[in-house]
Each structure stands twice: as structure tokens, then as C-alpha cells.
Amino acid sequence: MSEMHTKSADPRILIVGNAGQLGRELEKIFAGVGPIVAVDRESVDLADPAQTRELVRRTAPDMILNAAAYTAVDRAESERDLAYAINEGAPRVLAEEAHRRNALFVHYSTDYVFNGEKSSPWIETDAPNPLNVYGASKLAGEQAVEGVGGKFLIFRTSWVYGPHGNNFLLTMLRLARERDRLSIVDDQTGGPTTSIELARATHSIVTGILAGRFGAPADWAGLYHTTCGGSVSWFGFAQAIFARAAELLDIKPPALSPIATKDYPTPAARPRYSVLSNAKLQARFGFELSPWESALEETLEILRNAE
Ligand SMILES: NC(=O)c1ccc[n+]([C@@H]2O[C@H](COP(=O)([O-])OP(=O)(O)OC[C@H]3O[C@@H](n4cnc5c(N)ncnc54)[C@H](OP(=O)(O)O)[C@@H]3O)[C@@H](O)[C@H]2O)c1
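What you see is a predicted model; the values in this text were computed from it and never measured.

Peer 1: Which residues make up helix α2 (residues 49–59), and what values go with them?
Peer 2: Listed as buried for α2 are T52, L55, V56 and T59. On an axial view of α2, the arc spanned by its buried residues comes to 90°, and they lie on one face. Structurally, α2 contributes buried residues whose contacts are with β2 (13–16), β3 (36–39), β4 (63–66) and α3 (80–100). Looking one or two residues beyond α2, the residue adopting positive phi is A60, at roughly 45°.

Structural data, given as C-alpha cells:
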């Protein structure tokens, strides 16, 4: 657990899951907004509702940012109960405890709540129909938070990656050092989104709410699609990664071959098209995340500077 203090009138912020991709960026960007208590798995097991509840009562926050989740999409097929405990049970308890204290609760969900059977960007009122256990558990989490109500925001995002953690970009860069040739799925299209841009969006919107810029909770509470701009297939994303990484980082790009999902079987099925429209977010909060290409560039530059 880490703690950081600012002025006593500032909102007390509890960040859950600060060792994850998004949690790390939230902890950085919210420094200065208020005193932060940031916890990871060592301080709380979110699969245990009593521990989760006790954490909120002990820290008495004005705001909870929940960056923790069970994110192992394929493993979730065989760990259904654990996925639901973390992705549905924990957000329900956090939302209930936030509501009890009249605190703001910020939660994140996934494009995998959709079945992919659309060819234009999904909007918030489209019917979810998850293809896998992870998506179903995240959908149950959304519904639990909405059921509690109060001052909550759910940001549905997609294909999250960044300079740290377990993600497609870092996997590609590692594989480039091990192999000359890679086959990448070309028939799944989505919106790669950086942990950095997602944290920026959260910070801008939450500080706007604190400053009273968006009106009363009834005006802003709800679910918003929150992704970097544009769309691409995993294959196209890998091409873009290697085109820029060849210039910015010390790697030799492997030869890439596009393949179909059916040629790369995984335990969990994934949506064919899961691009999310951010029109509601932009209309309500006036915030637009960067296009995925410039967010990728920023991330590769961070990796170059860290080399
Ligand atoms: N990654 C993606 O592609 C993606 C796509 C769409 C939406 N999202 C959503 O975006 C949010 C942030 O994702 P992310 O990529 O930043 O996730 P991440 O890097 O996997 O981080 C999740 C964090 O939650 C922690 N956690 C898991 N189980 C826990 C438990 N029982 N008790 C305490 N902590 C636990 C993990 O700890 P350990 O590492 O120790 O397990 C990890 O630090 C999540 O809501 C996720 O569902 C992610």
C-alpha cells in the first residue's frame, strides 16, 4: 500500500489495483488531486468481499478508482468463479461502499461485452452479448455497479496496452527479439487504447466533475465508451508497431503474415469487430482521446527513453 498526502480539503482517493497497467498511470496522474491510498493484491484480495469492504471503511475515501480486474481472457474460461468474484463481486462491494459514503466510484469495462457482429462502431445502447466468460463477468460487473447507482462512472475501453505490464505491444517487442517470422490475426478489428490516454480521460473528467463543470450526478453518472480514436486489426496494429519500433527502438522487425482467427484457436472466443463509438463521451464531457497511431508513438517514445 502506498500513501501520498496533499491539502486536507482535497478529496481522499482510493486507487484499487495500482500495480496494473491502468492503475500505475492513475496513481501518477491523480497525484496532486488529493491524498491517495493506492493498493494492490498484497493489501487486498478482491475475491474476498469482506476484505474489500473493510478496505473502503478503513480508508474512508471520497473517490474510488477501480483499476483492478481479472483480465486473463483465456484463463477465465476455466476460472469462472474467480473471474466473477473479481469482475462482478468486487465492483459491487466497492460501488455499495462508495454509495454509502456518497463517494464517486469510477470503474472500467471492456469491448468484449459485445459479440462483434456489427460493422460500425458500437454505442452504449447496443445490446451486449459476450462471447466469453471474461466478457460476461465484466458485463455482470457493469450491471452490479449500475444497480447500486449513485455517483458512478463506467468507462468501457478496449485493447489496453502501455509501457508496463502484460500487453500486445510488449509481447510483439519481445517476440521480435526471439523470432524472424510472426503470424498475427487479421480478422479481429478493435481500438487499441493506451493506459496513459485512459488515465488522462479519467483525470480530465473526474476533475471536471469535482469543479462542478458537468452539473449534478444525474447529468453525468453512467456508462461511456472510452477508447483511442480509429480502428485496426491485430495484424495492422503489429505492422504499425514494427514500422515505428524499427526506427525508435533497437529491434529488427520480423516478417509478418496475416492469419484468420480459426487458424489461431484460443480457449475464449473473441469478437470480430469491437470498435466503440466515443460520441457520448465527447458530447457529455468534451473529451477526445488521441488517435491510436499517436498514442502508439507516445508509448514507443517512452520505451525508447527508458532503454
Ligand atoms: N487489458 C485489456 O486489454 C483491457 C481491455 C478492455 C478493458 N480492460 C479493462 O480495463 C481495466 C484495466 O485493465 P488493465 O489492463 O490495466 O489490467 P491489468 O494490467 O491486468 O491489471 C489488473 C490489476 O488487478 C489486480 N488484481 C487481479 N485480481 C486481484 C485480486 N483478487 N485482488 C487484488 N488485485 C487483483 C492485478 O493484480 P495481479 O497482476 O497480481 O493479478 C493487476 O494488478 C480493467 O477493468 C479491464 O477489465 C482491459
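Peer 1: Kindly report on the side chain of T193, identifying the contributing residues and their values.
Peer 2: Topologically, T193 is positioned in strand β10 (residues 193–194). Look at T193 and you get buried, because its relative accessible area is 0%. Among the polar contacts made by the side chain of T193, one reaches the main-chain carbonyl oxygen of G191 at a distance of 3.0 Å. Other than its neighbours up to four places away in sequence, T193 contacts T157, S158, W159, V160, Y161, T226, T227, C228 and L289.

Peer 1: I'd love a proper account of the packing of aromatic side chains, names of residues and values included.
Peer 2: Under the definition given, this model contains 10 aromatic pairs. Between the aromatic rings of W159 and W234, the centroid separation amounts to 3.5 Å while the plane-to-plane angle is 5°, which identifies the pairing as stacked. Of this pair, W159 sits in the loop between β6 (152–157) and β7 (160–161) while W234 sits in helix α8 (residues 234–248), placing them 75 residues apart in sequence. Of the two residues, W159 and W234, both sit in the buried class. Measuring from ring centre to ring centre gives 5.8 Å for F237 and W292, while their planes differ by 90°; the resulting arrangement is edge-to-face. Of this pair, F237 sits in helix α8 while W292 sits in helix α10 (residues 292–306), and the two are 55 residues apart along the sequence. Here F237 falls in the buried class, since its relative accessible area comes to 0%. For W292, a relative accessible area of 6% translates into the label buried. Through successive ring pairs, a cluster of aromatic residues spans W159, Y161, F168, W234, F237 and W292. The residue whose ring lies beneath K280 is Y224, and the NZ or CZ to ring-centre distance is 4.5 Å. A cation over a ring is seen here: R284 above F285, with NZ or CZ 5.8 Å from the ring centre.

Peer 1: Explain the pattern of salt bridges to me, using residue names and the numbers behind them.
Peer 2: Evaluated as defined, the whole model comprises 17 salt bridges. Where salt bridges share partners, they join R53, R57, E96, E97 and R100 into one cluster.

Peer 1: Tell me about α8, residues and numbers included.
Peer 2: Over its 15 residues, α8 runs 20 Å from end to end, which matches the ideal 21 Å to within 8%, given 1.5 Å per residue. Within α8, burial applies to W234, F235, G236, F237, A238, A240, I241, F242, A245 and L248. Tucked inside the fold, the buried residues of α8 contact β7, α5 (168–178), β8 (181–185), β12 (232–233), β13 (255–259) and α10.

Peer 1: Go over the site of the ligand with me, naming the residues and quoting the values.
Peer 2: Around the ligand sit 23 residues, and of these L22, R41, T71, Y134 and K138 come closest. A distance of 2.8 Å is found between an oxygen atom of the ligand and a side-chain nitrogen or oxygen belonging to Y134. Compared with its free state, where it exposes 900 Å², the ligand has 81% of that area covered by protein. Per-element tally for the shell around the ligand: the top contributor is strand β5 (residues 104–110), with 3 residues. A per-class count over the shell around the ligand returns 13 nonpolar, 7 polar and 3 charged.

Peer 1: So what about the packing of α5 against α8? Which residues, and what values?
Peer 2: How two helices pack is summed up by the angle between their axes together with the distance between the axes. At a minimum axis separation of 11 Å, α5 and α8 run at an interaxial angle of 60°. Classified by the interaxial angle, the pair formed by α5 and α8 is oblique. Crossing hand, α5 versus α8: right-handed. Judged by residue contacts, F168, L169, M172, L173 and A176 of α5 engage W234, F237, A238, I241, F242 and A245 from α8.

Rules of the game
Residues numbered from 1 in each chain as written. Predicted model: local features only at pLDDT ≥ 70, side-chain atom pairs only at ≥ 80, totals over all residues. Heavy atoms only, no water. Buried < 20%, exposed > 50% of the residue type's maximum accessible area, 1.4 Å probe, protein only. Helix = DSSP H or I, 4+ residues; strand = E, 2+ residues; numbered from the N terminus. Arc of directions from axis to C-beta. Contact = heavy atoms within 4.5 Å. Polar contact = N/O pair within 3.5 Å; in protein donor to acceptor, adjacent residues only side chain to side chain. Phe/Tyr/Trp six-rings, centres within 6.5 Å; stacked < 30°, edge-to-face > 60°. Lys NZ or Arg CZ within 6 Å of the ring centre and 35° of its normal. Salt bridge = Lys/Arg side-chain N within 4 Å of Asp/Glu carboxyl O. Expected span 1.5 Å × (residues − 1). Near = heavy atom within 4 Å. Areas by Shrake-Rupley, 256 points an atom, 1.4 Å probe, with all protein chains shown as cover. Nonpolar A, V, L, I, M, F, W, Y, C, P; charged D, E, K, R; others polar. Axes fitted to C-alpha atoms, helices over the stretch in contact; angles between N-to-C directions. Parallel < 35°, antiparallel > 145°, perpendicular 65-115°, else oblique. Left-handed = near helix turned anticlockwise from the far one by under 90°.

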